[in-house]
Amino acid sequence: MTGQRGDSTSEPTFRTAIVPAAGLGTRFLPVTKTVAKELLPVIDTPGIELVAREAAEAGAQRLVVVTSPAKSAVVEYFQPAPELESSLAEKGKTALLDKVRRAPELMEVTSATQREALGLGHAVGCAESQLRPDDDAVAVLLPDDLVVPTGVLQRMAEVRASYGGTVLCAFDVPRDRISAYGAFDVSDTGEDDVKRVHGMVEKPAPEEAPSTLAAVGRYVLDRAIFDALKRIAPGAGGELQLTDAVALAIEEGHPVHVVVHRGGRHDLGNPGGFVKAVVDHMLDDPEYGPELRTWLSERIESATR
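What you see is a predicted model; the values in this text were computed from it and never measured. (Residues numbered from 1 in each chain as written. Predicted model: local features only at pLDDT ≥ 70, side-chain atom pairs only at ≥ 80, totals over all residues. Heavy atoms only, no water.)

## Some details on the domain arrangement of the chain
Next up, step 1: What the domain assignment reports for the chain is domain 1 (12–142) and domain 2 (151–262).
Next up, step 2: Computed from C-alpha atoms alone, the centre-to-centre distance between domain 1 and domain 2 is 24 Å.
Next up, step 3: Across the contact, 28 residues belong to domain 1 and 21 residues belong to domain 2.
Next up, step 4: Carbon and sulfur atoms make up 58% of the area that domain 1 and domain 2 hide from each other, which totals about 2000 Å².
Next up, step 5: Here domain 1 is connected to domain 2 by two salt bridges.
Next up, step 6: Across the pair Glu 54 and Arg 218 runs a salt bridge, and its minimum N-O distance is 2.9 Å. (Domains from an automatic or database assignment. Contact = heavy atoms within 4.5 Å. Buried area = accessible area lost by both parts, 1.4 Å probe. Salt bridge = Lys/Arg side-chain N within 4 Å of Asp/Glu carboxyl O.)

In structure tokens form, the structure reads like this:
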């Protein structure tokens, strides 16, 4: 397995990003009977485009979307729409035309199919056939996790270039909430917010947690993780967990680090988190922000009377 320190000035750390998007979106039923949750708009931009843009900013040139057979619309979203573009161009609606063209112009997009929901590890493994021989590392972005501000993936790429191996993203959560997460067992590296990972404890009691660093949905995976995914045993429900493959890699001497992100996160996978993401983005929007801020103040005041 790769373990040598790299040269941060050499070739990009990764060229391919994987986005697992085969889930049923049950928490958004009934709308997800016909609309993929990844296409629900944060203002006017689907979550899948936001994470694809984040990947592109970090250096990805290809996007592999892992979908189920019934969710072809997620990949189709990244295809050009010639008739719509022509109509907008004829009407002089250049701002809308730019928005429509934005996703198709981000990067090359392809798909892999996950025919059964057998866990995140299985979903990532389904993308292996789409990788190229020179993909020594890949990025994985979970579309339910909207990390703000963007930039942590670039930092993770830098850490991979320096230390080799696999790099994960972590949030520092209050100790009384760590039992809802997987907690990393780490040691210092001498760099701020970069830790060496020695293991991970799933949903520990607060007093037993090895740290308050919790995993979040950003990964820079060494290609060797795909070999580990073939050798782990299914867990509860017959699912293959990505964290089990990472744990196996650690056991075999593969270097794993975390970058601690000091920003925020929105969970687009549930309605409450999705609404928070929309409000957060809209408050920063010059067109909608001022009016929304006024309305929210008035609404909160009326609700507390």
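There's plenty left to go through after this.
## Side note on the environment of Asp 227
Next up, step 1: With respect to the helices and strands, Asp 227 occurs in helix α7 (residues 224–231).
Next up, step 2: In this structure Asp 227 comes out as partly exposed when scored by relative accessible area, which is 39%.
Next up, step 3: For the pair formed by Asp 227 and Ala 89, sequence separation is 138 residues and the distance between their alpha carbons is 48 Å. (Helix = DSSP H or I, 4+ residues; strand = E, 2+ residues; numbered from the N terminus. Buried < 20%, exposed > 50% of the residue type's maximum accessible area, 1.4 Å probe, protein only.)

## Notes on the pattern of salt bridges
Next up, step 1: For the coordinates displayed, the defined rule picks out 21 salt bridges.
Next up, step 2: One salt bridge connects Asp 135 with Arg 62, and the closest N-O pair in it is separated by 4.0 Å. Highlighted residues: Asp 135 in the loop between α5 (120–126) and β6 (137–141) and Arg 62 in strand β4 (residues 62–67), separated in sequence by 73 residues. Taken as a pair, Asp 135 and Arg 62 share a single burial class, namely buried.
Next up, step 3: Linking Asp 193 and Arg 262 is a salt bridge whose minimum nitrogen-to-oxygen distance equals 2.7 Å. Placement of the pair is Asp 193 in the loop between β9 (182–188) and β10 (194–202) and Arg 262 in the loop between β12 (256–260) and β13 (264–267), with a sequence separation of 69 residues.
Next up, step 4: Take Asp 193: its relative accessible area is 24%, and that puts it in the partly exposed class.
Next up, step 5: Judged by relative accessible area, which is 55%, Arg 262 ranks as exposed.
Next up, step 6: Through salt bridges with shared partners, a single network forms among Arg 62, Glu 108, Arg 132 and Asp 135.

## A word on unusual backbone geometry
Next up, step 1: Note the cis peptide between Leu 29 and Pro 30, where omega equals 15°.
Next up, step 2: Counting through the fold element by element, Pro 30 comes out in the loop between β1 (16–20) and β2 (41–42).
Next up, step 3: At the junction of Val 148 and Pro 149, the peptide bond is cis and its omega measures out at -15° in the coordinates.
Next up, step 4: Counting through the fold element by element, Pro 149 comes out in the loop between β7 (145–148) and α6 (152–163).
Next up, step 5: Notably, Asp 193 is not glycine yet its phi reads approximately 60°, a positive angle.
Next up, step 6: Phi is positive for Lys 203, close to 45°, though the residue is something other than glycine.
Next up, step 7: Topologically, Lys 203 is positioned in the loop between β10 and β11 (213–222).
Next up, step 8: Judged by relative accessible area, which is 56%, Lys 203 ranks as exposed.

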